[in-house]
Amino acid sequence: MNRIIHGVRYSTWLIGQVIVGAFVIVFDVIRVRSQMHPAVVEYPLRVRSDWELAAFSTSITMTPGTLSLGFKDVDESGCPRVLLVHAVYGADPDEVIAGLADMEERLAPHVKEVA
């Protein structure tokens, strides 16, 4: 039951992020001076299961302005340690990484304890 409630909460949050992101992109496109500053960041993953990796990378790609490019640096257990992410608003890579960390923690709350 807790997984269902968590899934509904996460899905609702993600849908909200998609809507907000779409409006940000639309308004930025019609501006005279765009705030877009594309960048690729390397995000250190804390999720490990195939399901979590797929859900996290898909969530990133669903959100306007971000795109999962792929995994790299596989550890000894075969799990990827880094996710490459393209962000349209990447002027501050630390801010992009903080947003990705928030998304990862919302998807998999147990990663809050992972350094």
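I will try to describe carefully the structure that is included in this document. (Residues numbered from 1 in each chain as written. Predicted model: local features only at pLDDT ≥ 70, side-chain atom pairs only at ≥ 80, totals over all residues. Heavy atoms only, no water.)

Details of the overall build of the chain
Worth spelling out the cut-off: Note on conventions: DSSP H or I runs of at least 4 residues are helices, E runs of at least 2 residues are strands, and numbering of each starts at the N terminus. For the radius of gyration, the atoms used are the C-alpha atoms, and the globule rule reads 2.2 Å times the number of residues raised to 0.38. Each residue is placed in one exposure class: buried if its accessible area under a 1.4 Å probe, protein chains only, is under 20% of its type's maximum, exposed if it is over 50%, and partly exposed if it falls in between. Contacts: residue pairs with any heavy atoms within 4.5 Å of one another. Positive: Lys, Arg. Negative: Asp, Glu. His and the chain ends are not part of the count. For charged residues, the charge sits on one atom: NZ in Lys, CZ in Arg, CG in Asp, CD in Glu.
The helix and strand tally for the chain stands at 3 helices and 3 strands. The N-to-C order of helical and strand elements in the chain reads α-β-α-β-β-α. Here the C-alpha radius of gyration of the chain, 15 Å, is about what a compact globule of 115 residues would show, namely 13 Å. Each principal axis of the C-alpha distribution contributes one length, and for the chain these read about 50 × 35 × 20 Å. For the chain, the proportion of its 115 residues judged to be buried stands at 33%. When contacts within the chain are restricted to residue pairs at least 6 apart in sequence, long-range pairs at least 24 apart make up 64% of them. Each charge class in the chain can be summarised by its mean position, and for the 10 positive and 14 negative side chains these summaries are 5 Å apart.

Some thoughts on the sheet that holds strand β3 (residues 80–87)
For the record, the criterion: Here the rule is simple: two strands pair whenever DSSP picks up at least two bridges between them. Every axis corresponds to a line fitted to the C-alpha atoms, with the helix fit spanning only the stretch in contact, and the corresponding angles, defined between N-to-C directions, vary from 0 to 180 degrees.
Pairing is antiparallel across the open sheet formed by 3 strands, whose spatial order is β1-β3-β2. Each having just a single partner strand, β1 (39–44) and β2 (66–74) make up the two edges of the open sheet. Between one strand axis and the next, the sheet turns by 25 degrees as a mean value, whatever way the strands run. Bridging between β1 and β3 involves 6 bridges; their strand directions are antiparallel. Along β3, the bridge assignment pairs Val 40 with His 86. Each of β1, β2 and β3 is contacted by helix α2 (residues 50–62), which is oriented at about 145 degrees to β2, the strand it contacts most. Across the face of the sheet, helix α3 (residues 93–107) comes into contact with β1 and β3 while running at roughly 45 degrees to β1.

That's the geometry; what it means functionally is another story.
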